[in-house]
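Examination of the molecular architecture
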Amino acid sequence: MKTLSRQKSFARRSFLQLGAAGLVATALPLRAAADAADADAAIREIFGDKPLNEGRVSVKLPPIAENGNSVAITVAAESLMSPDDYVRRIAIISPRNPIAEVAVFKLGPRAGKAEISTRIRMAGTQRIRAVAELSDGTLWHGSASTVVTLAACLIG
Amino acid sequence: MATIRIAAPDTASAGEVIELKVLIQHPMETGYRSGPDGKRIERDIIETFEVTYDGETVFEADLQPGIAANPIFTFYTRATTSGPIVFKWTGQDGESWSETHDLTVE
Amino acid sequence: MKAGLAFLSALCLSACGDDAASTQSPPAQPQPLLSGYEFLQPQTRALQDDNFANPGFLWIDRGEALFSTAAASGEACSDCHTDTSLPLAGAAAHYPQIDAESGDLVNLEARINLCRTRYQDEAPLEYESDELLSLTAYVAYLSRGTPVSVDIEGAAADWYARGRDYFETRRGQFNLSCTQCHDDNWGKKLRGDTISQGHGTGFPAYRLEWQSLGSLHRRLRDCDAGVRAEPRMFGSDDYLAVELYLAKRAEGLEIETPGVRR
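Residues numbered from 1 in each chain as written. Chains lettered and ligands numbered in written order. Predicted model: local features only at pLDDT ≥ 70, side-chain atom pairs only at ≥ 80, totals over all residues. Heavy atoms only, no water.

If you look chain B up in an unreviewed UniProt entry, it shows as Thiosulfate oxidation carrier complex protein SoxZ from Henriciella marina.

Under an unreviewed UniProt entry, chain A has the name Thiosulfate oxidation carrier protein SoxY and belongs to Henriciella marina.

Have a look at this one:
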């Protein structure tokens, strides 16, 4: 199931690369729209077609990243983390990377605290999304954005 | 061989939520970059990271190329009983690396 | 315009003055002297400061293990270098230096390889190999916090002059010299970056751009490629000379290895 959207992503990339030569101006808005849809599709593939509730999930990112290769991110979900009220999974989703899904973390009541930190790649300025699935099956959504700046001396 | 760093407490009291930090040396090669010869560098990523403690999986991660090179994770678990916490990484081709940390619960 | 004229006259001075006295004059140190660290975003500084999360420590951990691993001849680095005998704490802050036996200028990488061939009966490690990077980073780390201070007298004088010349000479399709950015325009914006003073005190450093640890010479190759000049080889005489000039120019700044750079 997951591979389907990845293939879609690849196809879109090749199309953009082909079109880039003559259609730079029109390609950009098209890409933005397709990317947002991709992120939604990735969330549906991971969690199924359920409503996303806004809240309970916080995403911490720096306001500016001087290189998109490694950006520190912390995702936390509000939960008692008790045997019958806990966070099952947390997904990090990028609307602008070649693959929208960045990682899916499986937690459980034994985690004690629904918080994870890692470092991610960001292919440009974007609003990173996180979705938490609770033990009652409900989905909660949060997001944060980072400006990825361009380096002075690009090599290659 | 991969170099692995782990930061975890040696002792904890029962029921205490402890922080676990892991860092592993791995390129997490996306498959989208070109090398100095202009050829595409093959994708080479760690796909799963799993932590077992007290005979149970307490944390698991499915990773994509969007995770930065030399992956680092900070997460939590509730101390229950003295025993080994096993951290295991598995790459896309099935190779794996693991490291064990012994926790004493007082 | 004014800066350009000043630069031209400086170029003329260095090109026209042949005598050793003028080439040995101290470098024009940017004032105040600021490490590359000071030009980073706060979260990149935080990564360097975090002795667990700084990915450079992955190489240092490996370097520490290699340091005490015996070669086939039976000798490990740690057999000669202990806390009391030939200690290495602070040693890296005085590199590059002239090797007394050969009279050549050697940097830390070259010194490690000399130890291997002379005392361990081992082949030299390839420049920029994971092993050499790890050992170099570990030895440099033993000097973390020690201010840089190098000798540019005697046999080192010609190397210093050569390094300074390389630093001050325009090159590449952009026709830019190192000094134009790192002496004349540091602190100003270049696209998303703030131009640093161009010190090498964090190296070997983990660059986010590389997603790996790398040597100062790798950084210099990127600088040359950045101005579209032909990069020199790792360990080349040109880069050894530049390394000595940079060390003198950074004198007073502390070794930061493993630095984190963007």
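Let us keep going from here.
To continue, consider the overall build of chain B. Within chain B one finds zero helices and eight strands. For chain B, the succession of helices and strands along the chain, N to C, is β-β-β-β-β-β-β-β. Expressed as a percentage of its 106 residues, the buried residues of chain B come to 48%. At a minimum sequence separation of 6, the contacts of chain B that also span at least 24 residues come to 56%. With the model as given, the accessible surface of chain B reaches about 4,600 Å², and the carbon-plus-sulfur share is 44%. (Helix = DSSP H or I, 4+ residues; strand = E, 2+ residues; numbered from the N terminus. Buried < 20%, exposed > 50% of the residue type's maximum accessible area, 1.4 Å probe, protein only. Contact = heavy atoms within 4.5 Å. Areas by Shrake-Rupley, 256 points an atom, 1.4 Å probe, with all protein chains shown as cover.)

A few words on the environment of A72 of chain C. Residue and element names in this part refer to chain C. Positionally, A72 belongs in the loop between helix 4 (56-67) and helix 5 (77-80). Using a relative accessible area of 77% as the deciding quantity, one classes A72 as exposed. In the structure, A72 is positioned 49 residues away from D121 in sequence and 7.8 Å away in space, judged by C-alpha atoms.

What follows concerns the interface of chain C and chain A. On the side of chain A, 16 residues touch chain C, which itself brings 18 residues to the contact. Of all residues in chain C, Q43, R191 and L208 of chain C give up the largest surface area on contact with chain A, accounting jointly for 32% of the area buried on that side. Connecting chain C to chain A are one salt bridge. The partner of R262 of chain C in a salt bridge is E66 of chain A, and the shortest N-O contact between them spans 3.3 Å. On inspection of chain C and its partner chain A, the count reaches eight residue pairs in polar contact (both at pLDDT 80 or more). Taken together, the elements giving at least two residues each to the side of chain C that touches chain A come down to helix 3 (42-49) and helix 10 (216-226) of chain C. The residue makeup of the side of chain C that touches chain A, split by class, is six nonpolar, six polar and six charged. (Buried area = accessible area lost by both parts, 1.4 Å probe. Salt bridge = Lys/Arg side-chain N within 4 Å of Asp/Glu carboxyl O. Polar contact = N/O pair within 3.5 Å; in protein donor to acceptor, adjacent residues only side chain to side chain. Nonpolar A, V, L, I, M, F, W, Y, C, P; charged D, E, K, R; others polar.)

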